[in-house]
Amino acid sequence: MRLRAGVAIYVVPLLVLMLVAFDVPIVLMLAQSVLSPHPTVAHWAELADSPIYLRVLGNTFQVATITAVVCGLIGYPLAYWMRGLRPGMQLVVVTLVLLPFWISILVRTYAWIVVLGNNGIVNRSLMGLGFTDRPVAFLYNQLGVTIGTTNVLLPFLVLPLFAAMLKIDERLLQAAATLGAPRRAIFWRVFFPLSLPAFAAGLVLVFILTLGFYVTPAILGGGRVPMIANMLDVLINTLPRWELAAAISTVLLAATLALYAVYRTIAARAA
Amino acid sequence: MGAIEFDGVGKRYGAVHAVHDLSVAVAEGEFVTILGPSGSGKTTILSLVAGLVPPTAGRILIAGRDVTNLEPQERRIGLVFQSYALFPHLSVHGNVAFPLAVRGRPRDEIGTKVAAALARVRLAGLDRRRPAQLSGGQQQRVALARAFVFEPDILLLDEPLGALDRKLREEVQVELKALQRDLGITTLLVTHDQEEALSLSDRVIVLDHGRMQQVGTPDEVYRHPANRFVAGFLGLANLLEGTVEAGGVLRLASGEAVACDPRGRPPGARAAGVVRPERMRLLPESAGEGLAARVRQTVYLGHLQRWHLETADGRELVAAATDGVRAAAVGEAVRVAWSAEDVWLLPDESGEAAAPRPALAAMAPVA
Ligand SMILES: Nc1ncnc2c1ncn2[C@@H]1O[C@H](COP(=O)(O)OP(=O)(O)OP(=O)(O)O)[C@@H](O)[C@H]1O
Ligand SMILES: [Mg+2]
């Protein structure tokens, strides 16, 4: 008991600080959606009635889904390939995968404009090689946003998945081979199921993280592919409509928490 | 032609010589154990047979066919790993069904065979469980069922009973032996437990540092060991070193004469004789035969009583007898005696080439 009291002395002030400085303001802010200026459901009704808000919400979830799928399609083969490398090479490739983290997301996003713009290296090459005579519109649409989010989030999927693949016991694959399983069967019946929890957890993580993106859609979407964060910016800084922002934030928070619960369940199974 | 033939097989990992020039044949339906201390290359030999690692020298033949370059899938071998290697994401049923499922067998055939295999290892009713929900002994039996359910030509078992307590291990040994006999399947079992090797197998291969020390029936390797290592690894051994004299006498360094069968060694040859503790008779001090010794320690083993003795010149001897014989107390002066036929002169000892190597060291299959 003495020990617990001793710990409490250190923990309670931190808990109070968290509560007062973070949690209470968040709750108060979210509460605005039903309490401002007096108890009402009008703001929620407006949210449900105006197609623009629902479109942005839908658009956000769509971008998140596409990003997760593309990250999965690129990330799984990448992690699998990395698993087969020599340990020295693995270190090199892990460093390469991590490299983007060293560069500010803002810089990286603008770099895409240089690379993918109408006058960018990709379009010039395509036209120079005669594949097309007008520049391909990579930017300022959903494609551009998805390229940006995928680029930022790929490591979040690849690294945990690679770690999980390394943990798969080589002897299980050997056992499958002695039991007569051809290579394809070893992959589909043993390796893939064993890597699936980590893979699924990575997909959910990428999905959740995409929901909060602001800079990438703002720059690579050119304002034409608004996501929730961009809309909140407008609702708070331009209009300002705090009550609506609060309602939308509540939806976002609920969705994120629900997905986080899914992620935790899957990740626990992966461990 | 043996079921498995090793022809000069060697395996090195860099500087480590895990298996060295192994040439031995296992006959059809034979139960052979590979016995050796940790790190002696036992698992490596099984991996070579299973095709999990390629040999760096020699050839391996299965049923007369050179399989040295065949994939594991093509070898029709059931392997029980030291660690079991059960698929954690599959149920007991899924694990045992695996080799049948990847061969595309029809559903009802799989169901029948899996049920029969699980009944055979006494695991019926547990087929919905995951490996993580089983005890070590149950996991081991699942691994065993998975290894024989597809009727392989050869069964390889890597210390399959290591995780079991003594009582369960003895039970499973009996079951394993019965199973092997019923299936008539050629079996190679790895163990570092000499009792297990002696009780289960038709023949024992004794291994040390990747080299085969001896191959023979349990009786041969126990009573007629090829060298000191084999003598010592297969239980306690009293080593008597001396010089052969005419008339079947081994003259020890201390001057005592020990009766023995010199098996053709000329007088004057140096030799080492092995006497097993249970062949040593403990006599009262007044007896007119044997070596004088003093009891230093007694060990009670239930079914056996063991005496650690010290002779006048400081040599240690061990005698053992079934429980119930007259016990000698610590400190008591006694005499130990044995008969000439219980002394086995190690063929590998001494530089003289006089001793013909006994037939038990031959590498031919028994079949
Ligand atoms: N993949 C490997 N790389 C390098 N050395 C290895 C490898 N596998 C085994 N060895 C070495 O080969 C030798 C024999 O190993 P092996 O696993 O066959 O021994 P073992 O007799 O099965 O031992 P244990 O009873 O402990 O299981 C050991 O010295 C071991 O360190
Ligand atoms: Mg081993």
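Quick caveat: nothing in here was measured; it's all calculated off a predicted structure. (Residues numbered from 1 in each chain as written. Chains lettered and ligands numbered in written order. Predicted model: local features only at pLDDT ≥ 70, side-chain atom pairs only at ≥ 80, totals over all residues. Heavy atoms only, no water.)

## Focus: the coordination of the magnesium ion (ligand 2)
Residues and elements named next belong to chain B.
Here is step 1 of the chain: Protein-derived ligands of the magnesium ion (ligand 2) are Thr 43 (OG1) and Gln 82 (OE1), with the metal-ligand distances lying across 1.8 to 2.5 Å. With Thr 43 in helix α1 (residues 42-50) and Gln 82 in the loop between β6 (77-80) and α2 (92-101), the pair connects residues that are 39 residues apart, well separated along the chain.
Here is step 2 of the chain: Overall, Gln 82 belongs to the partly exposed group, its relative accessible area being 42%. (Donors = N, O, S within 2.8 Å, 3.2 Å for Na, K, Ca; no water. Helix = DSSP H or I, 4+ residues; strand = E, 2+ residues; numbered from the N terminus. Buried < 20%, exposed > 50% of the residue type's maximum accessible area, 1.4 Å probe, protein only.)

## Brief notes about the packing of aromatic side chains
Here is step 1 of the chain: Counting across every chain of the model gives 15 aromatic pairs over all chains.
Here is step 2 of the chain: Considering the side-chain rings of Tyr80(A) and Phe187(A), the 5.4 Å spacing of their centres and the 85° angle between planes classify their relative orientation as edge-to-face. Of this pair, Tyr80(A) sits in helix α3 (residues 51-83) while Phe187(A) sits in helix α9 (residues 183-211); the two residues are 107 residues apart in sequence, bridging distant segments of the chain.
Here is step 3 of the chain: Where Phe187(A) meets Phe191(A), the ring centres are 5.8 Å apart and the plane angle is 20°; that geometry is what we call stacked. Here Phe191(A) and Phe187(A) lie together in helix α9, a separation of four residues that amounts to about one turn.
Here is step 4 of the chain: Of the aromatic side chains, those joined through ring pairs into one cluster are Tyr76(A), Tyr80(A), Phe187(A), Trp188(A), Phe191(A), Phe192(A) and Phe199(A).
Here is step 5 of the chain: Lys11(B) extends its terminal NZ or CZ atom over the ring of Tyr13(B), reaching a point 5.1 Å from the ring centre. (Phe/Tyr/Trp six-rings, centres within 6.5 Å; stacked < 30°, edge-to-face > 60°. Lys NZ or Arg CZ within 6 Å of the ring centre and 35° of its normal.)

## A look at the confidence of the model for chain A
Here is step 1 of the chain: Summing up the model confidence of chain A, the mean pLDDT is 89 and the portion of residues at 70 or higher is 98%.
Here is step 2 of the chain: Across chain A, the element-wise mean pLDDT spans from 85 in helix α1 (residues 2-35) of chain A up to 95 in helix α8 (residues 170-178) of chain A. (pLDDT = per-residue confidence, 0-100.)

## Quick notes on the pattern of salt bridges
Opposite charge on two side chains makes pairing possible when the charged atoms of those side chains draw close.
Residue and element names in this part refer to chain B.
Here is step 1 of the chain: Applying the stated criterion across every chain, the model contains 28 salt bridges over all chains.
Here is step 2 of the chain: For Glu 195, the salt bridge goes to Arg 166, with nearest N and O atoms at 3.4 Å. Placement of the pair is Glu 195 in helix α6 (residues 194-200) and Arg 166 in helix α5 (residues 166-183), with a sequence separation of 29 residues.
Here is step 3 of the chain: Put simply, Arg 281 and Glu 289 hold a salt bridge, and the shortest N to O gap is 3.8 Å.
Here is step 4 of the chain: Residue Glu 289 is classed as partly exposed on the basis of its relative accessible area of 39%. (Salt bridge = Lys/Arg side-chain N within 4 Å of Asp/Glu carboxyl O.)

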